[in-house]
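What follows is the residue order along each chain.
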Amino acid sequence: MAYVSENYRNPESYRLPATWRPANASSVGYAAFALTFWMFCMIKASWFDTSQVTLVMMLAVVLGGTAMALAGLMAWFRGRAHDSCLFLAFAAFWWTWALVVHDVNTGAIAPSANFYGWYFAVWAVVAFFLFIAAFRAGTGRVLFDLALWMSLIWFAIGEWSGVGGLTILGGYLGLIASVLAIYLAGAGVINATFGRILLPTGEPRVVEPVAVETHREI
């Protein structure tokens, strides 16, 4: 069977128009996540100072927020529950983070480090249940969600403790998550384009709803 991409529901339940073959938007979502999170985590890992955060904020709005939200909606229509939840939830993460940074820079708000730590902690909970769900979505997604979850945990602990080294650790874990995300993005595009698995992601099923013509009896 030629590889297209995976789906976690019974393909027989789909009845798509014969002329409609929507592309897999998950690659867009993972690419947007990877680029935004990489730039974000370079600052967290102390590769650059916080004066560079404005560019990350713009990426968070355009890629992390808008592009991921669109990818999440398209993944939902394809029945890809894990990817849809990941992209829609973390599109909200990036939008809220960008708004907070904007308001902090303009002096409108000044959240405490303890409260900011809880911001990362609650998102770590979301990443954790996505990590559990990923065991039905393939090894690549398991590793990505694990790295994402751990990075958010260390961001939270770093804010609560005031120990900069813990935030740096979270930054490096986030960089690993970004590499895994860009691999998933590339694998999705390359495998679908060539019609076979060239870059494995460990997906347990590699079936996709195909166009089916239904005939009505007369």
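Residues numbered from 1 in each chain as written. Predicted model: local features only at pLDDT ≥ 70, side-chain atom pairs only at ≥ 80, totals over all residues. Heavy atoms only, no water.

Notes on the side chain of Ser178
Definition in use: Runs of E in the DSSP output that reach at least two residues are strands. Runs of H or I that reach at least four are helices, and both are numbered from the N terminus. Summary of the burial criterion: residues with accessible area below 20% of their type's maximum are buried, those above 50% are exposed, and those between are partly exposed, where the area comes from a 1.4 Å probe applied to protein chains only. For the purposes of these results, a polar contact is taken to be a pair of N or O atoms within 3.5 Å, where, inside protein, one atom must be able to donate a hydrogen and its partner to accept one; residues adjacent in sequence count only when each atom of the pair is a side-chain atom. In what follows, residue pairs with any heavy atoms lying within 4.5 Å of each other are defined as contacts.
Mapping Ser178 onto the fold places it in helix H6 (residues 164–194). Judged by relative accessible area, which is 3%, Ser178 ranks as buried. Polar contacts involving the side chain of Ser178 include one to the main-chain amide nitrogen of Trp38, which spans 3.1 Å. Other than its neighbours up to four places away in sequence, Ser178 contacts Ala34, Phe37 and Trp38.

Topic: the environment of Val61
Position of Val61 relative to the elements: it lies in helix H2 (residues 53–77). With a relative accessible area of 25%, Val61 lands in the partly exposed category. Residues Val61 and Leu99, 38 residues apart in the sequence, show an inter-C-alpha distance of 8.9 Å. Leaving out residues up to four positions away in the same chain, Val61 has contacts with Thr66, Trp95 and Ala98.

Observations concerning the confidence of the model for the protein
Quick note on the threshold: A residue's pLDDT is the confidence the predictor assigns to it, expressed on a 0 to 100 scale.
Residues of the protein with pLDDT of at least 70 account for 83%, and the chain-wide mean is 84. Element-level mean pLDDT values for the protein span from 90 in helix H3 (residues 81–106) up to 96 in helix H5 (residues 139–161). Low confidence marks residues 1–16, where pLDDT is under 50. Its contacts with residues over four positions away, or in another chain, come to 51 contacts. pLDDT under 50 marks residues 206–218. Its contacts with residues more than four places away, or in other chains, come to 28 contacts.

Focus on H6
One turn of the α-helix equals 3.6 residues, which is why residues spaced by three or four share an orientation. Put simply, the rule reads: Helix span is expected to be 1.5 Å times the residue number reduced by one.
For H6, spanning 31 residues, the distance from its first C-alpha to its last is 45 Å, which sits close to the expected 45 Å at 1.5 Å a residue. Within two residues after H6, Gly195 carries a phi angle of roughly 75 degrees, on the positive side.

Observations concerning the nonpolar core
Where we set the bar: Nonpolar core, defined: a set of buried Ala, Val, Leu, Ile, Met, Phe, Trp, Tyr and Cys residues in which side-chain atoms within 4.5 Å join the residues together.
The biggest cluster of nonpolar side chains holds 52 residues, and the ones touching the most others in it are Phe90, Trp97 and Leu152. Listing elements by their share of this core, those giving two or more residues are helix H1 (26–44), H2, H3, helix H4 (113–133), H5 and H6. With residues up to four places along the chain from it excluded, the contact list for Phe90 reads Phe33, Gly64, Met68, Trp123, Val126, Ala127, Leu130, Leu148 and Leu152.

Some thoughts on the pattern of salt bridges
The condition that has to hold: Each reported salt bridge corresponds to a side-chain nitrogen of Lys or Arg within 4 Å of a carboxyl oxygen of Asp or Glu.
Enumeration over the complete set of coordinates arrives at 4 salt bridges. Residues Asp83 and Arg80 are paired through a salt bridge, measuring 3.2 Å at the closest nitrogen-oxygen approach. Comparing Asp83 with Arg80, the two get one shared label, buried. In this structure, Asp83 and Arg141 form a salt bridge, with 3.0 Å as the shortest nitrogen-oxygen distance. Of this pair, Asp83 sits in helix H3 while Arg141 sits in helix H5, and the two are 58 residues apart along the sequence.

Here we look at the environment of Leu199
Within the secondary structure, Leu199 is located in the segment after H6. Judged by its relative accessible area of 26%, Leu199 falls in the partly exposed class. With 11 residues separating them along the chain, Leu199 and Gly188 place their C-alpha atoms 8.2 Å apart. What Leu199 contacts, discounting residues up to four positions off in sequence, is Tyr183, Gly186, Ala187, Ile190 and Asn191.

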